[in-house]
Amino acid sequence: MPFIKLRKVKMSSDGTVLSGSAGLIDTVYVKGKASHSRQILRENLGKVIWMAQNHRSGIFLSPSRGLIEYSADQDKFSEVDRGDLRLPKDRTFPDPPVHSIFGDVFLIVSFLNNSPLLKALKQTFFNKLDLQRVLIHLVHTVAKDGSHINCQDFTARSFMGSLFLDIPQCSLKSDTYYFEMMGDDATRTTFFECYVKEMRRFYPGFGKGCYVDSTPLPNDIVDNPFNALCCHGVSGSTVMTRLVMILDEQTDLPVWYDIIPGNVIDLNTILYVMEDVKITLDIEIDDFVLDAGYASKELFTAYHIGTEKKFIVRCPARRGYHTQTIYREIKSMIPRGKYEFVRDRHLYFGFRKKGKLFGQPVYYYIYVDKNNALQHHREAVMKDPERFKKMSDKDKDWESVRYGYFILISNYDATPEEILDNYFNRVDIELAFRTAKEYLQLLPLSKWTDKTVRGKILNDVISLIVYCGIREKISPSGESMPSVFGKVSSLMCLVDHNEIAHIETPTKKVKEFAKLLDIEIPGTLDVKNLQRSLLTNQ
């Protein structure tokens, strides 16, 4: 059974803790030792705030969990309420700043208030303290926009410190409690079930058609069971976990995700995730678009022409896939205008050819992006004209197209334009990955436990939903998201003793952003009313 070990604890005559720290100790059996046991430090509990007389429970200011109560009898951590009479009359819950940054927090929470996402969060997190923590971390993750300010410092300087008074700010820096809560698989499942249900009230087809792809998450987490050596998606071999994400094709928002070992990148991975989302959320994915890393004999054997599920996969330039052979068969057609079309201001050659791959019938869709081919060919010739002169005529012909030549393989019959459109929709999921990595800092993963790593990823995926939703509405302004958050954060407020926020006059740009988000910025705001609308179902 665990116990609390006190270190240099001093108390006053009335039992008030003056100083000292504590650690959580486990006693383990050791064969051959005189006492047959050994004591191991499980966790540093940090500064002692209050201690029970039997020393079996107490309140601590933990370096990783913040202000927390621990009971050794129950072996359980629990939140400490703001009004707890055991807390000393100090600044454990500091007063919110009189003047604080208002604009970014208000725009994000107002966007949430108008979105189905908030309803899903309320259905997932019934406890109001837990819901407050979720909202604090989501607002911080979105508003920091790639900066390195931690959640505690962000909350202390912003309107969030006045909006969510029940959460001690000292608990927000690492917040192990929050990330462990988010890392529970039941939390992830419940959230996405509620989220899909709420989204379908606005988009009846939400989740019916999806894209599936994965991205590497290199890290150095010790003993992470999902880590494996892999070189897919990075410049060299490294230890990584892979994030597999499913995006709705109508809204480009995440529908589900999973994390898998880094070296697992094959058809079975995709099929497992597709089966998982079918069982969990009743979402059937019949159409998937894959990168060249997923091209395999198993894929073409499972999904050849005539099978129910459709796929598009980029043909890898390696042995067995006949890329050069197919080029030689169709090269005389490339100059012909009959097979040309324009997409995104680029001129393409496109041709469909039926064939066999690993004994299975498939369609080859052969393309040359003539803009890219011409540009890169010109640069190559100018860089080394002597090398080009020495080439054979056959090699010169190949060099003129190789930088724009690629093949897509599919099991369904369509025009080359339609297949290319479907494939380029993968750009949406790549944009989602890039947004999560660059702006929400999905990478690098920290040296946490497996459960807190999972919790961080769920936090970042939900934040990605918020970020992408705001970006879509703001896009008509022509401003980038960092520019938007930079400009709206200049809007300040003053919160008086009656918890009324007096807001500065917003600039023209801030008014424009608010209008695009269907938000009106008031002159004064009742903080309690806003908190009530965020935390209750009324």
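Located above this text is the structure these notes cover.
In this report, we go over the structure that sits alongside the text. (Residues numbered from 1 in each chain as written. Predicted model: local features only at pLDDT ≥ 70, side-chain atom pairs only at ≥ 80, totals over all residues. Heavy atoms only, no water.)

Comments concerning the sheet that holds strand E19 (residues 500–503)
- Strand order in the open sheet made by the 4 strands is E7-E18-E19-E20, with antiparallel pairing throughout. Both edges of this open sheet fall to strand E7 (99–101) and strand E20 (524–526), since each of them pairs with a single strand only. With strand direction ignored, the average angle separating the axes of adjacent strands in the sheet is 30 degrees.
- On the sheet, helix H19 (residues 527–535) packs against strand E18 (492–495), E19 and E20 and is oriented at approximately 55 degrees with respect to E20. (Pairing = 2+ DSSP bridges. Helix = DSSP H or I, 4+ residues; strand = E, 2+ residues; numbered from the N terminus. Axes fitted to C-alpha atoms, helices over the stretch in contact; angles between N-to-C directions. Contact = heavy atoms within 4.5 Å.)

What about the nonpolar core?
- The biggest cluster of nonpolar side chains holds 125 residues, and the ones touching the most others in it are Leu-121, Phe-159, Tyr-195, Phe-300 and Ile-409.
- The greatest single-element share of this core, amounting to 12 residues, is contributed by helix H16 (residues 450–474).
- Within the second largest apolar cluster, 15 residues are counted, among which are Tyr-211, Ile-312, Leu-408 and Tyr-423. (Core = buried A, V, L, I, M, F, W, Y, C linked by side-chain atoms within 4.5 Å. Buried < 20%, exposed > 50% of the residue type's maximum accessible area, 1.4 Å probe, protein only.)

Observations concerning the packing of aromatic side chains
- Tallying each qualifying case throughout the model produces 25 aromatic pairs.
- With a centroid separation of 5.6 Å and an interplanar angle of 15 degrees, the aromatic rings of Phe-341 and Tyr-348 are classed as stacked. Each member of the pair Phe-341 and Tyr-348 is classed as buried.
- Clustering of aromatic rings is evident, with ring pairs tying together Phe-191, Phe-192, Tyr-195, Phe-206, Trp-256 and Tyr-257.
- Here the basic side chain of Lys-396 rests over the ring of Phe-388, its NZ or CZ set 5.3 Å away from the ring centre.
- Taking NZ or CZ as reference, Arg-402 lies 5.2 Å from the ring centre of Tyr-403, over its face. (Phe/Tyr/Trp six-rings, centres within 6.5 Å; stacked < 30°, edge-to-face > 60°. Lys NZ or Arg CZ within 6 Å of the ring centre and 35° of its normal.)

Some details on helix H7 (residues 185–202)
- Under the 1.5 Å per step criterion, the end-to-end length of H7 is 27 Å for 18 residues, consistent within 8% with the ideal 26 Å.
- Of the residues flanking the start of H7, the one acting as N-cap is Asp-184, its side-chain oxygen 2.9 Å from the backbone nitrogen of Ala-186. (Expected span 1.5 Å × (residues − 1). Polar contact = N/O pair within 3.5 Å; in protein donor to acceptor, adjacent residues only side chain to side chain.)

Structural notes on helix H3 (residues 128–144)
- Over its 17 residues, H3 extends 24 Å from the first C-alpha to the last, a length consistent with the 24 Å expected when each residue adds 1.5 Å.
- Within H3, 16 of the 17 residues are buried, which leaves the element mostly enclosed by the surrounding structure.
- Here H3 starts with a cap whose side-chain oxygen sits 2.8 Å from the backbone nitrogen of Leu-129, and that cap is Asn-127.

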